[in-house]
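Breakdown of the fold
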Amino acid sequence: MPLVVPGINSSMGDKTEWINKLLGKTICDTSNETCFAKKDLPPSHRILKPGDLQTQEYNPERLNVYVNQDGTVHDVKFG
């Protein structure tokens, strides 16, 4: 049974789950083998490209999706 700690475990899933879904894919309008549909991301998310400015406030429910210059996902984290 997984450890459930209020404020630590997100109802939107965990980093490992999102890495498995997104790593190596691009964000598109519809899902397929190489794309993940933007509509299937959590309501609170942001997609960050190299050089993008980002606010520093912490939001444990927000999924940050980091993409390479070509748009391929290389990391995700909550915050």
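Use the structure listed above.
Residues numbered from 1 in each chain as written. Predicted model: local features only at pLDDT ≥ 70, side-chain atom pairs only at ≥ 80, totals over all residues. Heavy atoms only, no water.

1. Focus: the packing of aromatic side chains
Worth spelling out the cut-off: Pairing of aromatic side chains here covers Phe, Tyr and the six-membered ring of Trp, requires ring centres within 6.5 Å, and sorts the geometry by plane angle: under 30 degrees stacked, over 60 edge-to-face, intermediate tilted. Where helices and strands are cited, they refer to DSSP runs of H or I of at least four residues and of E of at least two residues respectively, numbered from the N terminus. Comment: the charge-over-ring label is applied if NZ (Lys) or CZ (Arg) is within 6 Å of the ring centre and within 35 degrees of the ring normal.
Tallying each qualifying case throughout the model produces one aromatic pair. With a centroid separation of 6.0 Å and 80° between ring planes, the pair formed by W18 and F36 is classed as edge-to-face. Taken together, the positions of W18 in helix α1 (residues 15-22) and F36 in strand β2 (residues 35-37) put the pair 18 residues apart, joining distant regions of the chain. The cationic tip of K21 hangs over the ring face of W18; the distance from NZ or CZ to the ring centre is 4.4 Å.

2. Describing the sheet that holds strand β3 (residues 45-48)
Each strand in a sheet pairs with its neighbour through backbone hydrogen bonds, running either in the same direction (parallel) or in the opposite one (antiparallel). This is how the line gets drawn: Pairs of strands are assigned from DSSP output, requiring at least two bridges between the strands. Note on geometry: axes are C-alpha line fits, over the in-contact stretch for helices, and angles between N-to-C directions span 0 to 180 degrees. Any pair of residues with heavy atoms lying within 4.5 Å of one another is described as a contacting pair.
An order of β3-β4-β5 is seen for the three strands of this open sheet, with the pairing classed as mixed. Each having just a single partner strand, β3 and β5 (73-78) make up the two edges of the open sheet. Across the sheet, the mean angle separating the axes of adjacent strands is 20° when strand polarity is ignored. Pairing of strand β4 (residues 63-67) with β5, which is carried by five bridges, proceeds in the antiparallel orientation. Within β5, the position partnered with V67 by the bridge is V73. Contacts between α1 and the sheet are confined to β4 and β5, with β5 contributing the most and set at about 155° to the helix.

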